[in-house]
Structures are given as C-alpha cells and as structure tokens.
Amino acid sequence: MIQIRQAEITDIPEITALFRNTITHINSKDYSEKHISIWASGADDIDVWETRINKLYFILAEIDTTIVGFAYLKNGNYFDGLFVHKDYQRQGIGSKLLRIIESQVMMNDFEVIKSDVSKTALPFFDNKYYEIIKKQKKNFKGVTFENFIVEKSF
Ligand SMILES: CC(C)(COP(=O)(O)OP(=O)(O)OC[C@H]1O[C@@H](n2cnc3c(N)ncnc32)[C@H](O)[C@@H]1OP(=O)(O)O)[C@@H](O)C(=O)NCCC(=O)NCCS
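Since we're looking at a predicted model, the values are computed, not measured.

About the thresholds
Residues numbered from 1 in each chain as written. Predicted model: local features only at pLDDT ≥ 70, side-chain atom pairs only at ≥ 80, totals over all residues. Heavy atoms only, no water. Helix = DSSP H or I, 4+ residues; strand = E, 2+ residues; numbered from the N terminus. Buried < 20%, exposed > 50% of the residue type's maximum accessible area, 1.4 Å probe, protein only. Lys, Arg positive; Asp, Glu negative; His and termini not counted. Salt bridge = Lys/Arg side-chain N within 4 Å of Asp/Glu carboxyl O. Contact = heavy atoms within 4.5 Å. Pairing = 2+ DSSP bridges. Axes fitted to C-alpha atoms, helices over the stretch in contact; angles between N-to-C directions.

### Here's the deal with the side chain of Arg52
Locating Arg52 in the fold gives a position in helix α3 (residues 46–55). Asp80 is the oppositely charged side chain nearest to the buried, salt-bridge-free Arg52, at an N-O distance of 4.8 Å. Excluding residues within four positions of it along the chain, Arg52 makes contact with Phe58 and Tyr72.

### Describing the sheet that holds strand β5 (residues 112–117)
Strands sit in the order β1-β2-β3-β4-β5-β7-β6 across an open sheet of seven strands; the sheet is mixed. Both edges of this open sheet fall to β1 (2–6) and β6 (131–140), since each of them pairs with a single strand only. Recorded for the sheet is a direction-independent mean angle of 25 degrees between the axes of neighbouring strands. As paired strands, strand β4 (residues 78–84) and β5 are joined by two bridges and run parallel to one another. Paired with Tyr78 across the two strands is Lys114, which belongs to β5. Across the face of the sheet, α3 comes into contact with β2 (57–63) and β3 (66–74) while running at roughly 100 degrees to β2.

Structural data, given as structure tokens:
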C-alpha cells in the first residue's frame, strides 16, 4: 500500500540515495555517462535539498517505511521534480504522485501545470496527456542537457 506524506529534512539521505540510483539505473538509458554523473552529483547538494523541502510543496510516496518516490512543486504550478525508486518503476507510483501534485496546482488556482521533463519521462507525461511545447537545452553544472517543456491545462 502506497502512503503519501510531506517530506522532512530527516528524509534527505533516503531521498538523495533514491535520486542518485534512479538517475544511474533508469535515466542512463537515455543520457551519456558524463550527463548521468553530473546529474547524479546533484544528490550531494544538501543545502539545495533542504531549501526544496523547506520552501516547496514536496511529497513522498512510501511503502512500509521505504521511500519509493518523491515529487515537488515550485511557484504554485511548476512541477520541478518527479523520481521513482529504480526497483519500483511501472507500479503506478509516478501516477499517484502526479495526481496529488495536479490537485495541489488546482487548489493553488492555476489552470495549467508546467514542467520540463527528461527524455526518460516523456512517455509517462505523454500517457498523462501533457503537450510538448518545445525541446530545449538546459545547462546544469556546465553541461547541456536535452529535455522537453511540457504542459497540461485543466
Ligand atoms: C517517469 C517516472 C517518474 C514514471 O514513474 P512510474 O512510477 O514508473 O510511472 P507509472 O507506473 O505511474 O506509469 C504510468 C504510465 O506511464 C507510461 N510510462 C511510464 N514509464 C514509461 C516508460 N519508461 N516507457 C513507456 N511508457 C511509460 C505507461 O503508460 C504507464 O502505464 P503502464 O505501466 O500501465 O503501461 C519514472 O520512470 C522515473 O523515475 N524516471 C526517471 C526519473 C525522471 O526522468 N524523472 C523526470 C525528471 S525530469
């Protein structure tokens, strides 16, 4: 049974381990080794994770006491992050987190949710009726990543 709750600062070690493992094992199908190592190194930016948890709408999915996914929303309607544990892919966890994030956007009185998503996540967002607005190149730690701006209107 999947439980959803707000993230807390003490969850950071498990959140960052999940982040690193999912990027290394799942996103590695779509990005080069160099991209994966730079992206995964974001796990070490503990102050950034603290700010996300303190300032954003940041939720976790748990099965028993294991964190199996997380998602966070910025500025009311910008869906900034969604990661599911590498061993729990395709079990509906991403869908559940997305539904709760979308409800929050509606409660925030927005009619559109926006995100920029990885190549890996594109089929998931396509399945959820998100429209691709454009392909873009985004710089992270001096390396250019290709991803997609997507949005959905309610
Ligand atoms: C994208 C992601 C969050 C999806 O989470 P998930 O829990 O596996 O997704 P769900 O099980 O809820 O999938 C729902 C539907 O989306 C579609 N889908 C999800 N992943 C897919 C994939 N890799 N290929 C094709 N379709 C996919 C399917 O239609 C799926 O339904 P089905 O399994 O019944 O066929 C997850 O794969 C992930 O963590 N990816 C790596 C991190 C990432 O790139 N995050 C985006 C950051 S920008």
